[in-house]
Amino acid sequence: MSSEEMTSGETKIVRTTTAFDCGGRCPLRLHVKDGRIIRVEGDDAQEPEQLRACLRCRAYRQEVYHPDRLKYPLKRIGAKGEGKFERISWDEALETIVGELKRVKDTYGNPSIFLMGGGGYLGALHSGIRAAAKLLSMFGGYTTSYGNVSSEGSVWAVMAQYGSVMVGHSREDFLNSKLIIMWGWDPARMISGTNTTYHLIRAKEAGVRIISIDPRYHDSAAIMADQWIPIRPGTDTAMMVSMAYVMIKEGLHDQEFLDKYTVGFDKFRDYVLGIEDGVEKTPAWAEAITGVPASTIEQLAREYATTKPAALMDCQGPARSAMGEQYNRCAMTLTAMTGNIGRHGGNAAGGLMGIPIGHMFRSSGIPGIRNPVEAGGPSVRGTLDLRLRLVQRVHINKIFDAILEGKAGGYPADIKLAWCIAGNPLNQLGNSNKAARALEGLEFFIVSELFMNPTARFADIVLPVTSAAERNDLTRPWPSGPYYTFVNKAIEPLGECKSDLEIACELAEKLGFSDFNPLSEEEWLKAFVEQNPETGEQIKDYDKFRREGIHRVKLAEPIVAFKEEIESPENHPFATPSGKIEIFSQRAADIDNPLCPPIPKYVSTWEDRNDPLIEKYPLQLLSPHPKNRVHSHLNVAWLREIEPHRAWINPVDAEPRGIKDGDEIYVFNDRGKLAITAWVTERIIPGVICIFEGAWYNPDKEGIDRGGCVNVLTNDAYSEGGASALNTVLVQVSKA
Ligand SMILES: Nc1nc2c(c(=O)[nH]1)N[C@H]1C(S)=C(S)[C@@H](COP(=O)(O)OP(=O)(O)OC[C@H]3O[C@@H](n4cnc5c(=O)[nH]c(N)nc54)[C@H](O)[C@@H]3O)O[C@H]1N2
Ligand SMILES: Nc1nc2c(c(=O)[nH]1)N[C@H]1C(S)=C(S)[C@@H](COP(=O)(O)OP(=O)(O)OC[C@H]3O[C@@H](n4cnc5c(=O)[nH]c(N)nc54)[C@H](O)[C@@H]3O)O[C@H]1N2
Ligand SMILES: [Mo]
């Protein structure tokens, strides 16, 4: 739409989507009058189903027009973190950045330039990190992170077991299930694909039994579950191993399936039965670890093994922990033991739930070039072993440690300058107080943002970026699909905002890289659609796709991951070295590390209930994703009204501490201390505290975080498979 049309006074309806990292991807109709969005409506399709927007997109207008939106480039004039800035021109901002890039390169070399990002924007083209990466590569290179803070444990697990990340079914397949197990999964809150809860509720209405296994009685359990099995955090693998024990002892497992499609079950069996280590993994053994009664474990094992087909839906939350990948690996082993892989109504497990369609517009950005700093090194998507040993990169949850310690601490570079795009890492990675110390020490820090978030407060220069409503792009649905979406520009950029791609282009011009971006926005978008084999095949009419903002893929039947591998294994081997499902992974064995066992195992870890630290910090802390925000953004009034930011605490833990519902409390450990309101509730088990992630870091003079940012308490550690261990945390609580 041109700006001329928009000023005509009548209301236009722009069909579009947002690009949040929110668990869904919802078609929206933005009502635009006189160049302003005046109303947001959701999908109006009747067929095949409505992709209904959740509370967050419905509040989108308040995000776009938030009074705190950054509109001009800023230069810091106060201390780092203090938040004092003054407006400068784009020319001054970009000249300063070019000058600093050159100074750091000349003084320390390219590896001292660090690029950090986040999931703030998931459009295909205006994805800042890619454009900046190309720019810095042309400039001689940079250092960056590896690993996905969300799901690295799950990714490692599925790559070990299946050799593929596309492990999900399209959601209408729930109707073919007889039993659905929500394991560490709360889709009514975290969405997991726009149409997921709709199809779960249809299944429930059709009589499918639903069980939730979670330390919290969460919204999805309250709405959908027939049974809630509370469990201690970090112990799910023990419960799954003992379910395998029951199945083996009672002959309930599908030996034929295991023989035909898997390798290494015998080794897992030896571990389960105690032949390997002398410990029989009985339900009583698991009860002592998990807190789940042995009889409940036995019942669930029998029910899951004999109700066919059944969908074991394990998500990533429990995998965001110290031995996270073992949980997904063990879940996948149970789906193999019950023959539920590649079959309608079943599920392969593995935590990711992505279906192999509707996924094509990743946040890819303009095609980059190889980073000279990494030339000759291993590629990121290498073998399992390489995922663990990327010598030139820093694990995502260790970037602040790397800034503080540099080469002396074993990291690949001494970082002097950093550029952060579409992320809020100080707030969102483990150990925010350490992050603040690290950012204080940088010589120069650039942040490209829509808001002055806690990370941006440490910047020397802040660049104001457009929202998705202010540019055209393509987006991908979160994992369930199957459809493709178009972001249509609804309004002109606010103030002097530019997209990350535009910013990179302007810097490229100043640096004299004349061939940096050969195509226009429109040419790129068309090329992305037409040249992608999948969308090129599907989307024959680009203009129609664009006008409608969505292309729905018609399915003859629900998509089932690994259907071909199961139905015709001779022609379709699994993408593992053996061509089979690897319950035993030789690649994992080659790593030769007991914390990375070749078969899934339960291993006790630091900061679990066996850690002596429990004397001092007796409560386990969980930090799931907030219902009313996307991580740390969408801090808008309407959404704040929905749910106050509170710590969940069971009466058993509250009463001896003199804590009543609504009291102000402190939650603390050796890494930090925060103040927050208590919600005394039996919806969380005793011994566990829950604080949703994403509240803004706001320390007072004593260093007590008044914002309730849970990452002042979390650890900047990761598992052997690369999971950021954000759910492996011990704390103490007191009345404030
Ligand atoms: N509303 C909203 N939705 C979102 C997002 C958001 O910010 N807001 N972010 C999106 C993103 S980027 C991601 S990666 C996904 C993440 O979604 P998930 O990977 O599902 O992660 P969590 O939100 O951490 O929730 C996991 C669930 O696991 C439970 N849990 C935690 N530890 C354990 C454990 O040890 N055992 C068991 N059994 N359960 C446990 C928690 O109580 C919670 O109910 O969500 C997406 N959806
Ligand atoms: N304790 C705890 N911490 C967690 C998690 C947890 O479960 N527990 N979950 C983790 C997970 S799964 C994730 S994915 C991360 C998310 O971590 P981040 O991605 O760092 O978090 P966001 O709050 O989404 O930050 C995105 C920022 O991008 C900005 N933004 C939006 N669009 C654009 C754009 O086009 N350009 C630019 N330059 N900026 C833009 C937004 O304003 C916002 O400030 O958090 C992790 N942190
Ligand atoms: Mo995530």
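Throughout this description, residue numbers start from 1 for each chain and increase along the sequence as written. Just so you know, chain letters begin at A and ligand numbers begin at 1, following the order they were written in. Reporting in this predicted model follows two pLDDT cut-offs: at least 70 for local features of residues, and 80 or more for side-chain atom pairs to be given and counted; totals over whole chains, interfaces and linings ignore these cut-offs and use all residues. Side-chain numbers here rest on the full set of heavy atoms in the structure, without hydrogens or water.

**Quick word on the site of ligand 2**
Here is step 1 of the chain: Among the 31 residues in the neighbourhood of ligand 2, the closest are listed as Gln 428, Glu 449, Arg 471, Asp 500 and Ser 632.
Here is step 2 of the chain: N or O atoms closer than or at 3.5 Å make up a polar contact, with two conditions inside protein: a donor-capable atom paired with an acceptor-capable one, and, for residues adjacent in sequence, both atoms drawn from side chains. Between ligand 2 and Asn 453, the relevant distance is 3.1 Å, taken from an oxygen atom to a side-chain nitrogen or oxygen of the residue.
Here is step 3 of the chain: A distance of 2.7 Å separates a nitrogen atom of ligand 2 from a polar side-chain atom of Asn 711.
Here is step 4 of the chain: Contact with the protein chains hides 96% of the accessible area of ligand 2, taken as 920 Å² for the molecule alone.
Here is step 5 of the chain: As a working rule, the residues Ala, Val, Leu, Ile, Met, Phe, Trp, Tyr, Cys and Pro are called nonpolar, Asp, Glu, Lys and Arg charged, and the rest polar, with Gly in that last group. A class-by-class count of the residues in the shell around ligand 2 yields nine nonpolar, 16 polar and six charged.
Here is step 6 of the chain: Domain delimitation follows an automatic or database domain assignment. Residues lining the shell around ligand 2 come from more than one domain, with at least three contributed by each of domain 2 (74-151 + 358-552) and domain 4 (612-735). Working definition: residue near molecule or strand if any one of its non-hydrogen atoms lies within 4 Å of it. The accessible surface values rely on the Shrake-Rupley method and a 1.4 Å probe; as for residues, cover is taken only from the protein chains in view.

**A few points about empty space enclosed by the protein**
Here is step 1 of the chain: Buried and open spaces are told apart on a 1 Å grid over the protein atoms alone, a cavity being a set of points where a 1.4 Å probe fits but cannot get out and a pocket being an open set with protein on both sides within 12 Å along at least five of seven lines. Residues with an atom within 4 Å of a point are the lining residues. Grid points are joined across faces, edges and corners, and a volume is the space filled by probe spheres set on the points. Evaluated as defined, the whole model comprises two cavities of 30 Å³ or more.
Here is step 2 of the chain: Its residues assigned to classes, the lining of the second largest cavity comprises four nonpolar, seven polar and two charged.

**Let's talk about the site of ligand 1**
Here is step 1 of the chain: Taken together, 33 residues form the shell around ligand 1, and within it Asp 214, Gly 234, Asp 236, Pro 626 and His 631 come nearest.
Here is step 2 of the chain: Take Gly 317: an N or O atom from its main chain is 3.1 Å from an oxygen atom of ligand 1.
Here is step 3 of the chain: The separation between a nitrogen atom of ligand 1 and a polar main-chain atom of Pro 626 is 2.7 Å.
Here is step 4 of the chain: Contact with the protein chains hides 99% of the accessible area of ligand 1, taken as 910 Å² for the molecule alone.
Here is step 5 of the chain: The class makeup of the residues in the shell around ligand 1 is 14 nonpolar, nine polar and ten charged.

**Some remarks on the sheet that holds strand 5 (residues 85-87)**
Here is step 1 of the chain: Should DSSP find at least two bridges between two strands, the strands are taken to pair. Working definition: helices are DSSP H or I runs of at least four residues, strands are E runs of at least two. Numbering for both runs from the N terminus. If you walk across this open sheet you meet the eight strands as 5-4-16-15-14-6-7-13, and the pairing is mixed. The open sheet has two edge strands with one neighbour each: strand 5 and strand 13 (394-395).
Here is step 2 of the chain: Across five bridges, the pairing between strand 6 (residues 113-117) and strand 14 (residues 417-421) is parallel. Its bridge partner being in strand 14, Met 116 is matched across the sheet by Cys 420.

**Focus: the layout of surface pockets**
Here is step 1 of the chain: Estimated volume of the second largest pocket: approximately 1000 Å³.
Here is step 2 of the chain: Contributing to the lining of the second largest pocket are 49 residues, with Asn 635, Ala 695, Trp 696, Tyr 697 and Gly 707 lying nearest its centre.
Here is step 3 of the chain: At the level of elements, helix 19 (432-441), helix 26 (637-642), strand 22 (646-649) and strand 24 (673-680) are the ones that each hand at least two residues to the lining of the second largest pocket.
Here is step 4 of the chain: Its residues assigned to classes, the lining of the second largest pocket comprises 19 nonpolar, twelve polar and 18 charged.

**Quick look at the nonpolar core**
Here is step 1 of the chain: Ranked by size, the top nonpolar core spans 62 residues in total, and within it Tyr 162, Trp 183, Met 239 and Phe 268 carry the most contacts.
Here is step 2 of the chain: Here the element with the most residues in this core is helix 10 (residues 236-249); it accounts for ten residues.
Here is step 3 of the chain: Sequence-distant contacts of Phe 268, defined by excluding residues within four places in its chain, comprise Ala 244, Cys 330, Thr 333, Met 337, Ile 583, Ile 599 and Pro 600.
Here is step 4 of the chain: Formed by 53 residues, the second largest nonpolar core is a distinct cluster that contains Ile 88, Leu 525, Val 529 and Ile 539. Residues enter a nonpolar core if they are buried and are Ala, Val, Leu, Ile, Met, Phe, Trp, Tyr or Cys, with the set joined through side-chain atoms within 4.5 Å. Partly exposed describes any residue whose relative accessible area lies between the buried limit of under 20% and the exposed limit of over 50%, with all areas from a 1.4 Å probe on protein chains only and scaled to the type maximum. What makes two residues a contact is simply this: any of their non-hydrogen atoms within 4.5 Å.

**Some remarks on helix 10**
Here is step 1 of the chain: Counted at 1.5 Å a residue, the expected span for helix 10 with its 14 residues is 20 Å, and the 20 Å between its end C-alpha atoms agrees.
Here is step 2 of the chain: Judged by how many residues are buried, helix 10 sits mostly within the fold: 13 of 14 residues are covered.
Here is step 3 of the chain: In the segment just after helix 10, Gly 251 is the residue with positive phi, at about 65°. Helix span, as expected, comes to 1.5 Å for every residue beyond the first.

**Some thoughts on the side chain of Thr 535**
Here is step 1 of the chain: With respect to the secondary-structure elements, Thr 535 resides in helix 22 (residues 533-538).
Here is step 2 of the chain: Taking the relative accessible area as the measure of exposure, Thr 535 reaches 0% and is therefore buried.
Here is step 3 of the chain: Side-chain polar atoms of Thr 535 contact the backbone oxygen of Val 529, separated by 2.8 Å.

**Comments concerning the environment of Ile 369**
Here is step 1 of the chain: As for its placement among the helices and strands, Ile 369 is situated in the loop between helix 15 (324-337) and helix 16 (384-388).
Here is step 2 of the chain: With 233 residues separating them in the primary sequence, Ile 369 and Leu 136 have C-alpha atoms 9.7 Å apart.
Here is step 3 of the chain: The contacts of Ile 369, once residues within four sequence positions are left out, are Lys 134, Ser 137 and Met 138.

**Examining the domain arrangement of the protein**
Here is step 1 of the chain: Annotation of the protein at the domain level lists domain 1 (7-64), domain 2 (74-151 + 358-552), domain 3 (153-351 + 562-591) and domain 4 (612-735).
Here is step 2 of the chain: Distance between the C-alpha centres of domain 3 and domain 4: 29 Å.
Here is step 3 of the chain: Taken together, the 21 residues of domain 3 in the interface contact 24 residues of domain 4.
Here is step 4 of the chain: By definition, the buried area sums, over both parts, the 1.4 Å-probe accessible area that each loses when the two are put together. Both sides together, the interface formed by domain 3 and domain 4 hides about 1800 Å², and carbon and sulfur atoms give 57% of it.
Here is step 5 of the chain: Of all residues in domain 3, Arg 189, Arg 216 and Arg 320 give up the largest surface area on contact with domain 4, accounting jointly for 36% of the area buried on that side.
Here is step 6 of the chain: When a carboxyl oxygen of Asp or Glu is within 4 Å of a side-chain nitrogen of Lys or Arg, the pair counts as a salt bridge. Taken together, the links from domain 3 to domain 4 amount to two salt bridges.
Here is step 7 of the chain: Note that Asp 219 is salt-bridged to Lys 627, the shortest N-O span being 2.9 Å.
Here is step 8 of the chain: Run the count over domain 3 and domain 4 and you get 13 residue pairs in polar contact (both at pLDDT 80 or more).

**With respect to helix 8 (residues 196-205)**
Helical geometry: 3.6 residues make up each α-helical turn, so side chains three or four residues apart lie on a common side.
Here is step 1 of the chain: Those residues of helix 8 lying buried are Thr 196, Thr 197, His 199, Leu 200 and Ala 203. Relative to the axis of helix 8, the buried residues are bounded by an arc of 165° and lie together on one face.
Here is step 2 of the chain: Looking at the buried positions of helix 8, the neighbouring elements they touch are strand 8 (179-183), helix 7 (187-190), strand 9 (209-213) and helix 9 (219-224).
Here is step 3 of the chain: Immediately downstream of helix 8, the backbone of Gly 207 shows phi near 95°, a positive value. Directions from the helix axis toward the C-beta atoms define the arc.

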